[in-house]
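What follows is the residue order along each chain.
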Number of protein chains: 2
Amino acid sequence: MIGSDIGALFGTGIAVNNSIIKLIKRKGDCAMENVKVIIWGLGAMGGGIADMLLSKKGVDIAGAADMGQKVGTSMYDHIKTERGGRPEIIVSEAEEIIKPGAADIVILCTDSFTEKAFPKIKFIIEQGINCITSAEEMSYPGAKNPRLAEELDRTAAEHGVSILGTGINPGHIMDMLVLVMTGCMTDVKHILSRRVNSLSPFGKTVMEEQGIGISPEEFAERKKEGTMSGHVGFAESVGMMAEGLGLKVESFVQDMEPIITDTDRKSPHGFAAAGSCAGVAMTADASLEGGIKIRMEHPQQIEPEQAGISTGDYVKIEGSPSINLVNSPEVEGGLGTIAMCVNMIPQVINAEPGLHTMLTLPVPRAVMGDMRDRIKPSKKLV
Amino acid sequence: MIGSDIGALFGTGIAVNNSIIKLIKRKGDCAMENVKVIIWGLGAMGGGIADMLLSKKGVDIAGAADMGQKVGTSMYDHIKTERGGRPEIIVSEAEEIIKPGAADIVILCTDSFTEKAFPKIKFIIEQGINCITSAEEMSYPGAKNPRLAEELDRTAAEHGVSILGTGINPGHIMDMLVLVMTGCMTDVKHILSRRVNSLSPFGKTVMEEQGIGISPEEFAERKKEGTMSGHVGFAESVGMMAEGLGLKVESFVQDMEPIITDTDRKSPHGFAAAGSCAGVAMTADASLEGGIKIRMEHPQQIEPEQAGISTGDYVKIEGSPSINLVNSPEVEGGLGTIAMCVNMIPQVINAEPGLHTMLTLPVPRAVMGDMRDRIKPSKKLV
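Everything quoted here is computed from the prediction, not taken from an experiment.

How each quantity is defined
- Residues numbered from 1 in each chain as written.
- Chains lettered and ligands numbered in written order.
- Predicted model: local features only at pLDDT ≥ 70, side-chain atom pairs only at ≥ 80, totals over all residues.
- Heavy atoms only, no water.
- Helix = DSSP H or I, 4+ residues; strand = E, 2+ residues; numbered from the N terminus.
- Rg over C-alpha atoms; globule rule 2.2 N^0.38 Å.
- Buried < 20%, exposed > 50% of the residue type's maximum accessible area, 1.4 Å probe, protein only.
- Contact = heavy atoms within 4.5 Å.
- Pairing = 2+ DSSP bridges.
- Right-handed = clockwise from strand over helix to strand, strands pointing away.
- Salt bridge = Lys/Arg side-chain N within 4 Å of Asp/Glu carboxyl O.
- pLDDT = per-residue confidence, 0-100.
- Axes fitted to C-alpha atoms, helices over the stretch in contact; angles between N-to-C directions.
- Phe/Tyr/Trp six-rings, centres within 6.5 Å; stacked < 30°, edge-to-face > 60°.
- Parallel < 35°, antiparallel > 145°, perpendicular 65-115°, else oblique.
- Nonpolar A, V, L, I, M, F, W, Y, C, P; charged D, E, K, R; others polar.

(A) Broad picture of the overall build of chain A. For chain A, the count of helices and strands is 10 helices and 14 strands. Against the compact-globule benchmark of 21 Å for 382 residues, chain A has a radius of gyration of 22 Å, which places it among compact chains. Principal axes of the C-alpha set define a box for chain A whose edges measure 60 × 55 × 50 Å. A burial count over chain A gives 61% of its 382 residues as buried.

(B) A look at helix α9 (residues 333-343) of chain A. Among the 11 residues that make up α9 of chain A, 10 are buried, leaving the element largely enclosed by the rest of the structure. Where α9 of chain A is buried, its residues touch α1 (44-54), β3 (105-108), β4 (130-133), β6 (187-198) and α10 (345-350) of chain A together with α5 (176-182) of chain B.

(C) Local environment of the environment of Ala278 of chain A. Residues and elements named next belong to chain A. With respect to the helices and strands, Ala278 occurs in strand β10 (residues 277-288). Assessed through its relative accessible area of 0%, Ala278 is described here as buried. Between the C-alpha atoms of Ala278 and Ile191, which are 87 residues apart in sequence, the distance is 27 Å. In contact with Ala278, not counting residues within four places along its chain, are Ile212, Ile259, Thr261, Arg265, Ala272, Gln300, Gln301 and Ile302.

(D) Highlighting the pairing of strand β4 (residues 130-133) of chain B. Residues and elements named next belong to chain B. Where burial is concerned, the two faces of β4 agree: the one with Asn130 and Ile132 and the one with Cys131 and Thr133 are both buried. Across four bridges, strand β3 (residues 105-108) lies against β4 in parallel orientation. Bridge assignment links Leu108 to a residue of β4, and that residue is Thr133. For β4 and strand β5 (residues 162-165), the ladder comprises three bridges, and the chain directions are parallel. Each bridged residue has a counterpart across the sheet, and for Ile132 the counterpart in β5 is Leu164. Handedness of the crossover joining β4 and β5 through helix α4 (residues 146-158) is recorded here as right-handed.

(E) Focus on the pattern of salt bridges. All names here are of chain A. A complete count under the given rule lists 38 salt bridges over all chains for this structure. Taking the shortest distance from any N to any O, the salt bridge between Arg372 and Asp370 comes out at 2.8 Å. The network of salt bridges with shared partners includes Arg194, Asp285, Arg295 and Glu297.

(F) Representation of the confidence of the model for chain A within the structure. All names here are of chain A. This prediction gives chain A a mean pLDDT of 92; 92% of its residues lie at or above 70. Here residues 1-29 is a poorly scored stretch, pLDDT under 50, and it has 83 contacts once near neighbours within four places are set aside; other chains count. Scoring the predicted complex yields pTM 0.92 and, for the interface, ipTM 0.92.

(G) Fine view of the sheet that holds strand β14 (residues 354-356) of chain B. Residues and elements named next belong to chain B. Read across the sheet, six strands follow the order β2-β1-β3-β4-β5-β14 without closing on themselves; strand pairing throughout is parallel. The two strands at the open ends of the sheet, each matched to only one other strand, are β2 (59-65) and β14. Between one strand axis and the next, the sheet turns by 20° as a mean value, whatever way the strands run. Against the sheet, α4 touches β5 and β14, its axis set at about 125° to β14.

(H) Region of the structure containing the sheet that holds strand β13 (residues 323-327) of chain A. Here we have 12 strands laid out as an open sheet, ordered β7(A)-β10(A)-β11(A)-β6(A)-β12(A)-β13(A)-β13(B)-β12(B)-β6(B)-β11(B)-β10(B)-β7(B), and mixed in their pairing. Each having just a single partner strand, β7 (249-260) of chain A together with β7 (249-260) of chain B make up the two edges of the open sheet. Mean inter-strand twist for the sheet, computed between neighbouring axes without regard to direction, equals 10°. Pairing of strand β6 (residues 187-198) of chain B with strand β12 (residues 312-320) of chain B involves nine bridges; the strand directions are antiparallel. The residue of β12 of chain B that forms the bridge with Val196 of chain B is Gly312 of chain B. The strands that helix α8 (residues 234-245) of chain A touches are β6, β7, β10 and β11 (293-301) of chain A; relative to β11 of chain A, the one it contacts most, it runs at about 150°. Its contacts with the sheet place helix α8 (residues 234-245) of chain B against β6, β7, β10 (277-288) and β11 (293-301) of chain B, and it is angled at close to 150° to β11 of chain B.

(I) Here's a closer look at the packing of aromatic side chains. Residues and elements named next belong to chain B. Taken as a whole and judged by the stated rule, the model has two aromatic pairs over all chains. Both rings, one in Trp40 and one in Phe123, keep their centres 6.4 Å apart while their planes meet at 85°; by these two values the pair is edge-to-face. Taken as a pair, Trp40 in strand β1 (residues 35-40) and Phe123 in helix α3 (residues 114-126) lie far apart in primary sequence, 83 residues in all. Judged on exposure class, the residue Trp40 and its partner Phe123 are both buried.

(J) Layout of the side chain of Ser267 of chain B. Residues and elements named next belong to chain B. Mapped onto the elements of the fold, Ser267 is located in strand β8 (residues 265-267). Residue Ser267 is classed as buried on the basis of its relative accessible area, which comes to 3%. Ser267 has contacts with Ser200, Met207, Ile302 and Glu303, leaving out every residue within four places of it along the chain.

(K) Local environment of the packing of helix α3 (residues 114-126) of chain A against helix α4 (residues 146-158) of chain A. Residue and element names in this part refer to chain A. One can describe the packing of α3 onto α4 by two numbers: an axis separation of 10 Å at closest approach and a directional angle of 10°. With respect to each other, α3 and α4 are oriented roughly parallel. Seen from α3, the contacting residues are Thr114, Glu115, Phe118, Ile121, Lys122, Ile125 and Glu126; seen from α4, they are Leu148, Glu151, Leu152, Thr155 and Ala156. When grouped by side-chain class, the residues that make up the contact of α3 with α4 number six nonpolar, two polar and four charged.

Written as structure tokens, this is what we have:
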């Protein structure tokens, strides 16, 4: 399968110690067109994806879709990269630009929930175009919407294209990374997946969604009403880990508690007075077949340093051998999600048609060379 | 593609907070035969693989191959697990038991080098059986033996089976894990992959191979002669990372230095007097296209704690965002390699025929349920 790649990187073999590996001609010296990507949703994620794509080789932004006042404006008005000498990209309604043959893939960054993303994803794949979405629930849609997931899988297969939901979390740091570490274990007994992150880099919308600065009473009321968004993804992460290990989920409980601050905390876009909420601590506990437990902990807050809390990603797995992994500080959520959506483009284009998860595709890794080098010619759509 | 799995784990959907996920019937409630594995080589790795397989569901050891005095003895004489009521497995010559239809996969644990493993792997795949090998160089055989790799790829494809070389290192902790972390990065500038491990758990062979207790002069002589084995795998790890990032290797240099101990160090199977070698420090430096550097550091020694050295696996990646990952203590090499060889069985059986690497298969994870649940029925050989 990889015969054509093998030997390419090291020429005709290397001798250790002071050897120089011969350069070889690029695999992608063929006439393949650049990978064409349409971005749907130019918020923080979609905009960041545009910036990242503009820094990469062998890939073009074939269009940008949004709605309301953004339609008709320049994409460059909504991202960090300056247009410079690049061709103009005018933001359009999705239906105007997402048409058969318009792109190899659409990256959809408009929603968190499968139900809301569903009609958009269905529309994309019905045009015969692959889809990656940052919608958290779509990282493992079988957890909450198995029927929609089945419909998406069937429709994608019918149209010969693939779908993946991914991001930093769910999608990488609290679930796939855990599974990757179980790969070198002969037995697994207990999983603790903990992500302690700072909300300080985020904007006003996130401050409101996460209840920054609200009173404990308001938190309790909003929690009861279901208007505290907290973290979306524990059910998906647990589902992915259970499937990854090959075990059924026997129970799943999640909860959220306010993080009440002792002192005033101020971030660029948020403020929490002493006694108010500086964030939300989400937890989940799951039991799998065979008595294996999964504990998820995800406290998100502004200015954790002010409370002496160091941020980080923690994977502790009891088993044989045990794992005690720390990435500190945590992978920044925004950049991490942007990177995952872009870096998985080749895997999704190359995939067997249908609905995928991070479990069914080759391992993620940064696209640093020409993106075309990774695309199977038979899978290139346009 | 995964439609049949979706919804299976969570039944018909879950409600958050105190919900219990309904149990569903196992996917593997079909009449699929257990996965059949032949182990070739009953040393520390092959023996450990036998022990691990005997603890798993839906998989049988269909045979054990070795040579010399082990032939004709019971497999259980060479592993930790007691036979108990299990059927006897008599160790045979490889050619006697590795025949068409004898197994779904052979796990080959006899060699470190591609040239030595090559005829054995070729023999296995010519019988129409998949192959996983712990041979370090086979984790990325294109690095040193591109022509043999191409021949293996072609032969495997002709016989409709797959090959993978894997282990803890190369195969996971110093290369694939690095790539997985770059998956959440928009840009990569510098990679440091460092594994500080203890040789204390290993036996006399490793003590001799790694020069434990020899003088600095003898080390220098053996290094010159090429009889200091050190770590086998840096060229392979660099090749895998370069291909993963999509960049060519422009230069590669590796070296080894003795770790001279200040005080006497004693491990169960080794002794290094003050002034002698307590281990080997391997390093490698590689430059990839675009000025990206990879630094590999792998000091291996007995009783590192006596010198105040804490063991661990370290991945530091400069880029956006930067990564600062530590797993401490290190994943034990023996168990890690055993686990990788067993846990990758489903991915290799399910794969597109040919020669694979950890880059071309779905992410590794522990097999905790029935192994048959992960096997595509169309890929089951026997």
